[in-house]
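Chain by chain, the residues:
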4 protein chains.
Amino acid sequence: MVIVMKKGAHREAVAKVIGVVEKAGLVPHVVIGEDKTIIGVIGDKTRLVDVPLVVFDGVEKVLQIAVGYKRVSREFTGGTHAVQVGGITIGDGSVVVMAGPCAVESMEQLMQSAWAVKKGGAQFLRGGAFKPRTSPYSFKGLEEAGLEMLSEARKETGLKVVTEVMDVENVDLVCKHSDMLQIGTRNMQNFHLLKAVGRTNKPVLLKRGLAATIDEWLNAAEYIAAEGNREIVLCERGIRTFETYTRNTLDLSAIVATKTLSNLPIIVDPSHGTGIRNMVKPMSLAAVAAGADGLMIEVHPNPENALSDGPQSLNPEEFDDLMRDVTKIAAFRRESLEERLQPCER
Amino acid sequence: MVIVMKKGAHREAVAKVIGVVEKAGLVPHVVIGEDKTIIGVIGDKTRLVDVPLVVFDGVEKVLQIAVGYKRVSREFTGGTHAVQVGGITIGDGSVVVMAGPCAVESMEQLMQSAWAVKKGGAQFLRGGAFKPRTSPYSFKGLEEAGLEMLSEARKETGLKVVTEVMDVENVDLVCKHSDMLQIGTRNMQNFHLLKAVGRTNKPVLLKRGLAATIDEWLNAAEYIAAEGNREIVLCERGIRTFETYTRNTLDLSAIVATKTLSNLPIIVDPSHGTGIRNMVKPMSLAAVAAGADGLMIEVHPNPENALSDGPQSLNPEEFDDLMRDVTKIAAFRRESLEERLQPCER
Amino acid sequence: MVIVMKKGAHREAVAKVIGVVEKAGLVPHVVIGEDKTIIGVIGDKTRLVDVPLVVFDGVEKVLQIAVGYKRVSREFTGGTHAVQVGGITIGDGSVVVMAGPCAVESMEQLMQSAWAVKKGGAQFLRGGAFKPRTSPYSFKGLEEAGLEMLSEARKETGLKVVTEVMDVENVDLVCKHSDMLQIGTRNMQNFHLLKAVGRTNKPVLLKRGLAATIDEWLNAAEYIAAEGNREIVLCERGIRTFETYTRNTLDLSAIVATKTLSNLPIIVDPSHGTGIRNMVKPMSLAAVAAGADGLMIEVHPNPENALSDGPQSLNPEEFDDLMRDVTKIAAFRRESLEERLQPCER
Amino acid sequence: MVIVMKKGAHREAVAKVIGVVEKAGLVPHVVIGEDKTIIGVIGDKTRLVDVPLVVFDGVEKVLQIAVGYKRVSREFTGGTHAVQVGGITIGDGSVVVMAGPCAVESMEQLMQSAWAVKKGGAQFLRGGAFKPRTSPYSFKGLEEAGLEMLSEARKETGLKVVTEVMDVENVDLVCKHSDMLQIGTRNMQNFHLLKAVGRTNKPVLLKRGLAATIDEWLNAAEYIAAEGNREIVLCERGIRTFETYTRNTLDLSAIVATKTLSNLPIIVDPSHGTGIRNMVKPMSLAAVAAGADGLMIEVHPNPENALSDGPQSLNPEEFDDLMRDVTKIAAFRRESLEERLQPCER
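Keep in mind that what you see is a predicted model, and the values were worked out from it rather than measured.

Reading the values: rules and limits
Residues numbered from 1 in each chain as written. Chains lettered and ligands numbered in written order. Predicted model: local features only at pLDDT ≥ 70, side-chain atom pairs only at ≥ 80, totals over all residues. Heavy atoms only, no water. Contact = heavy atoms within 4.5 Å. Buried area = accessible area lost by both parts, 1.4 Å probe. Salt bridge = Lys/Arg side-chain N within 4 Å of Asp/Glu carboxyl O. Pairing = 2+ DSSP bridges. Helix = DSSP H or I, 4+ residues; strand = E, 2+ residues; numbered from the N terminus. Axes fitted to C-alpha atoms, helices over the stretch in contact; angles between N-to-C directions. Expected span 1.5 Å × (residues − 1). Buried < 20%, exposed > 50% of the residue type's maximum accessible area, 1.4 Å probe, protein only. Least-squares fit on C-alpha atoms with pLDDT ≥ 70 in both. Polar contact = N/O pair within 3.5 Å; in protein donor to acceptor, adjacent residues only side chain to side chain. Nonpolar A, V, L, I, M, F, W, Y, C, P; charged D, E, K, R; others polar. pLDDT = per-residue confidence, 0-100.

Enquirer: What is the right way to look at the interface of chain A and chain B in this model?
Expert: Bring the parts together and some accessible area is lost; that lost area is often taken as the interface size. At the junction of the two partners, chain A supplies 45 residues and chain B supplies 45 residues. Of the roughly 4,200 Å² buried between chain A and chain B on both sides combined, carbon and sulfur atoms contribute 54%. Sorting the residues of chain A by area buried against chain B places D50, Y137 and E304 of chain A first, and these three jointly supply 17% of that buried surface. Connecting chain A to chain B are four salt bridges. The partner of K16 of chain B in a salt bridge is E304 of chain A, and the shortest N-O contact between them spans 2.8 Å.

Enquirer: Where do I start with the sheet that holds strand 10 (residues 180-183) of chain B in this structure?
Expert: All names here are of chain B. Overall, parallel pairing links the eight strands, which are arranged 7-8-9-10-11-12-13-14 in a closed barrel. Neighbouring strand axes in the sheet, compared pairwise and without regard to direction, differ in orientation by 25° on average. Summarising the sheet, strand 11 (residues 204-207) and strand 12 (residues 232-236) pair through four bridges and their orientation is parallel. Bridging across to strand 12, K207 finds its partner in C235. On top of the sheet, helix 7 (residues 214-226) reaches strand 11, strand 12 and strand 13 (266-268); it is set at about 155° to strand 12, its chief contact.

Enquirer: Help me out: how do you make sense of the sheet that holds strand 14 (residues 294-298) of chain C in this one?
Expert: One key point about sheets: their strands pair by backbone hydrogen bonds, in either a parallel or an antiparallel sense. All names here are of chain C. Spatial strand order, 7-8-9-10-11-12-13-14: eight strands in a closed barrel with parallel pairing. Pairs of neighbouring strands in the sheet enclose a mean axial angle of 25°, with direction left out of account. Relative to strand 14, strand 7 (residues 96-100) runs parallel, the two sharing five bridges. Its bridge partner being in strand 14, V96 is matched across the sheet by G294. Strand contacts of helix 3 (residues 107-120): strand 7 and strand 8 (124-126), with the helix running at about 145° to strand 8, the strand carrying the most contacts. Sheet strands in contact with helix 4 (residues 144-157) are strand 8 and strand 9 (160-164), and its direction is about 165° off that of strand 9.

Enquirer: Can you walk me through helix 7 of chain B in this structure?
Expert: Residue pairs three or four apart in sequence face the same way in an α-helix, which turns once every 3.6 residues. Residues and elements named next belong to chain B. Its 13 residues place the ends of helix 7 18 Å apart at the C-alpha level, agreeing with the 18 Å of an ideal helix rising 1.5 Å per residue. Helix 7 sits mainly inside the fold: 11 of its 13 residues count as buried. Those residues of helix 7 that sit buried are I214, E216, W217, L218, N219, A220, A221, E222, Y223, I224 and A225. Those residues of helix 7 that are buried lie in contact with helix 6 (191-198), strand 11, strand 12, helix 8 (253-261) and strand 13. Backbone geometry just after helix 7 places G228 at a positive phi near 115°.

Enquirer: It is not clear to me how the relation of the copies chain A and chain B should be interpreted in this structure. Could you clarify?
Expert: Superposing the two chain copies requires a rotation about an axis and a translation along that axis. Between chain A and chain B, the superposition needs a rotation of 180° and an axial shift of 0.0 Å, giving an RMSD of 0.0 Å. Both copies are brought into coincidence by an operation consistent with a two-fold rotation axis. Distance from the rotation axis, computed per C-alpha, reaches its smallest value in chain A at A211 of chain A: 3.0 Å.

Enquirer: Explain the environment of G238 of chain A to me, please; I cannot follow it from the model alone.
Expert: All names here are of chain A. Its location among the elements puts G238 in the loop between strand 12 (232-236) and helix 8 (253-261). As for G238 and L250, which are separated by 12 residues in sequence, their C-alpha atoms are 3.9 Å apart. Beyond its immediate chain neighbours, meaning those up to four positions away, G238 contacts L210, N248, T249, L250 and G273.

Enquirer: Looking at this model, I keep getting lost on the relation of the copies chain D and chain B. Mind explaining?
Expert: Superposing chain D onto chain B takes a rotation of 180° combined with a translation of 0.0 Å along the rotation axis, leaving an RMSD of 0.0 Å. A symmetric contact is evident, with 100% of the interface residues of chain D recurring at the interface of chain B.

Enquirer: Explain the interface of chain D and chain B to me, please; I cannot follow it from the model alone.
Expert: Counting from both sides, the interface comprises 27 residues of chain D and, opposite them, 27 residues of chain B. In total, chain D and chain B occlude about 2,400 Å² of area from one another, counting both sides; carbon and sulfur atoms represent 63% of this. In terms of surface lost to chain B, no three residues of chain D exceed I42, I65 and E75 of chain D, which account for 25% of the buried area on that side. Counting across the interface, chain D meets chain B through two salt bridges. Put simply, E75 of chain B and K36 of chain D hold a salt bridge, and the shortest N to O gap is 3.3 Å. For the pair chain D and chain B, the interface holds four residue pairs in polar contact (both at pLDDT 80 or more). Elements represented by at least two residues in the side of chain D that touches chain B include exactly strand 1 (2-5), strand 2 (27-32), strand 3 (37-42), strand 4 (59-63) and helix 2 (74-77) of chain D. For the side of chain D that touches chain B, the class distribution of residues is 10 nonpolar, six polar and 11 charged.

Enquirer: So what exactly am I meant to see when it comes to the confidence of the model for chain A here?
Expert: Close inspection of predicted coordinates is inappropriate for parts of the model with low pLDDT. Residues and elements named next belong to chain A. The share of residues in chain A with pLDDT of 70 or more is 96%, and the mean pLDDT across the chain is 91. The low-confidence segment residues 339-346, where pLDDT is below 50, has 23 contacts with residues more than four positions distant or belonging to other chains. For this predicted complex, the interface confidence comes out at an ipTM of 0.91, alongside a pTM of 0.92.

Quick look at the structure:
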């Protein structure tokens, strides 16, 4: 932490800040310049986390130089922590694919989707039983009945199931019917929910909040890790910007950023990230080329009839086509780009 | 709703879309132009809400012309619905002030704050017992003990209490100790929580999500209203933009926008909206001049020792100074600007 | 400047950075912590402005603690520099109003506008002879003929004229026909143009770029000042955000921010800042309440026939109504809020 | 265009709007619904471009359904228009690489860069002789001397030269020394400059404005095309968002978007798009995988000494490494992904 004093700050003001730093058990290093004085503080910054230094007389600003997360930090923990989900590994250099409908609508729709994505080569079935929707009048999912269908599809196809949990009270129920818990974009800072999934032993897929900085996202992961659950995979799904052509702006640089800053694997969801069906394949290939550990793709047996997010769903033929090229680019990456999978440094 | 067909869309494609519209019980109006065909659909658009028309062959795009919310819509319900909170009216043209510390830290700190804001002229005491914080290692509030202190402060001072509820399981508890439930910015689309407070009979203060559009915000209010609770007040608290000088960008045009589109009162929180102590007063005056129904201000007896958000808290003297001018500008507004308080139209 | 070394950076890497700093004639102050080393550099940072320290081995990041502008900085120059434009003072605590049509369309339209805004109480006539437009097929202004009409209107009404100059080659021509040169939002970083107006002795109205940070905006002003022209007034006109209801998001906190950081007066343009006619009055009042030194308002004798920006133009009656309340709130501010007009500190 | 009338709009208001549409020589189609009336207008919307319909009594909003650009529109002109630059084709499915230093600093630095990028496989040498810089005190380029060095480097190496032109008066000079004119991000809406390059016969590289929508970007290209110059290549270089970890957010979905909407080739600049050296390679591969027609990469013989943008420059070894993988992924794309290069439809 670096505390910058205002030009002309009084000697007493500087002394007071030094006192606060020392009282917190940290060592201040004072640098007196021509115009300004700065005070460097190196050490466990959590001891000062709740002291509003910027309010003190004579303080101009406080610059943070350490990140707020430790358990998910690459600097503190070393390389990527690959996550195991029932025999599937995410984060070992391979490309894991999670696919299926936005929402579980019926047993028939789900089984058609499940067999289609399995045939295409996906390892996970995705599908929402609880659906967060902007309008209270939109379809909200089949809830427990949907979860039971997911369980059934898992049993029949052998696919792993990843599905969203939206509230604390349903965490146990969703755990029972799934292999991996998804935290949706709107809940990235639902801290009670993060802590609740952090107390389970299920792997967690943590989507980026729609206007979350990378720092906030990794702090959200830290909430889960701090409760003891270290099996966390990030999912970039587009951020909110001024551009309105796409539903969101898919930020593929987040792949490199999170691999530089954290030890967490990251997958990419180009379906929500763009909201446009014909962008799903090119952005999937781009994500794999940039180093993503996996993809999450919306596939619906009949997108015209989808009850949610039809505009961005692929049909099974489109998914097969996508997977053919994803497989090739993943092989290319494995063979040619091995060096790129090593820790990046800024 | 207007469905725009692609240039050169086939006759069959147009017919198929018409069929879907008619099947939903709506009447399509087809307009054939030189280049393109468009299909106007006027009626209850909720019947088509889950049909992904944009996926159909030949469809270029679908433009919405109606809003998704009804119960909170000005168009459908008429003028502002003033909200009563234990004898205080929000939305009748007066300026209601909610003030107090960001977080309840101790009985002493809370009582000092409470008497200070009462003396300054506030009607509500604000203060968080549950605090959402980016880092899992920051102070999270005193929880139930904090709520009990708020109850006690209410009893002693006669101030109304508004405080945040962060999760469904604590809704009853927070109801017991407060006069108004606050939904924080990170929970604006925590739909389970919205529905839970919608089933209480407590007035709700709904903060705008940090990257929420006005449309999403009003849909969030509609979630509460749809459960039966119509006592809703909006709170603008800054949105996330590219500018980093301020913590957020306070969007005062939201006052006029929400008054144009909805029947809800709106207050403004310049403390979180700017994150900078010396901006609180000028932005408070601006908010009142623009027509806000109230203000939410962070006041701490000793901002240097605040455990949360000290940088933006006023001390009691600063709050008194602010209130003197707020009172004058509110009087000026009442006398001179009566015409501006009538429903705005875009 | 603070240079943060990576955890575990080699001794040689630190030595190399120290060497570069010393070679630039600056004094490095090294602070060695448990995990990291930081190097504080206090002095004239322009000596290091073109050294990419972040590329050096072992450097994690470089934090700037000084701003890049000097001539327009409050810290370096003291209080607000009021700008004189032909007898009108901007920045002395009063509220100066610039009003008129978006574009000059005809002598008749201009004279009707001019007399209307003079009657309402404006001191300046605004009106574009050169109009930047997104589409090449939109009306671009009457160019030199428009400037001559502005000259004529100035002569007849006594109003000062402020009008946009879009390119270097027309600077002399626009100087001839106006009292103040406007730099439009799209040209805020047209550095050749900034330098060209910096070499004139006309006061300059510098609009904020549509996605410009306050730091970039003040650096743009510094370009003008560095050429010798210190008569600069800022104009906040809305920034680009994710919100689409308004054309832009008017950032009134920029009033306080620029007054804290710079010595420049600032006016507000709520017409472009919102793009919605019924928001112009409330946002004007808010701007004045927040401390703006003036307003720029679009007024058209017949908005339905305006060739540019009709949707946000007031008619003369609406302008009169706005001015009545602006006058009152300006008087209120002068009497009651004198303390707020003093330099703000963050 | 679809004009949406307010609920309860008077019959006369509807009639007036119909009259305006008819007067413009267009045919209105009126659709009367239960709540609202809408008026569809299909035809040459440029006839109504300057009529502010939204100001008319009873009009709620106006929705555009046609784009404002014609000459660069895919819908109106068919497939991608490949651009020839002295024997190099951009937009034929291959990957063209433009590389070199941010700024031309000296003959020696330029020649080292030129031979290095030629050896790596680039077809173009990039390098700025005129540099737009946020601060007036940063290095601004060698100007004409820099252009002459570029000419010399072109002669010696046979590389094509692309360099930025920042103002109208230097267009001829830059034409003389280069093969392709670059319009920088800050000048994307410098309309005089766009028109000036539109009147040359040099191919133009049009960078996206830092907060420009895709629609505005294509309208900027239309400005150039409208003057007669159809040899235009787009360059995505990152947009401004709330995220501060990267200098900009590189929007790779813009590749698909512009190929869907326009006939223009598009290249990607990951150096400016991220601002971080270690992101350049993964984002380059991602751009090629997503269908980019080329790349623009900053390469400096010694990034530590670069006078501009050192933090994001590759050294020659890093560039060679990048090119090895770019070549492979380009071959993979050519062989495997041919179908993806065909016109995309939304």
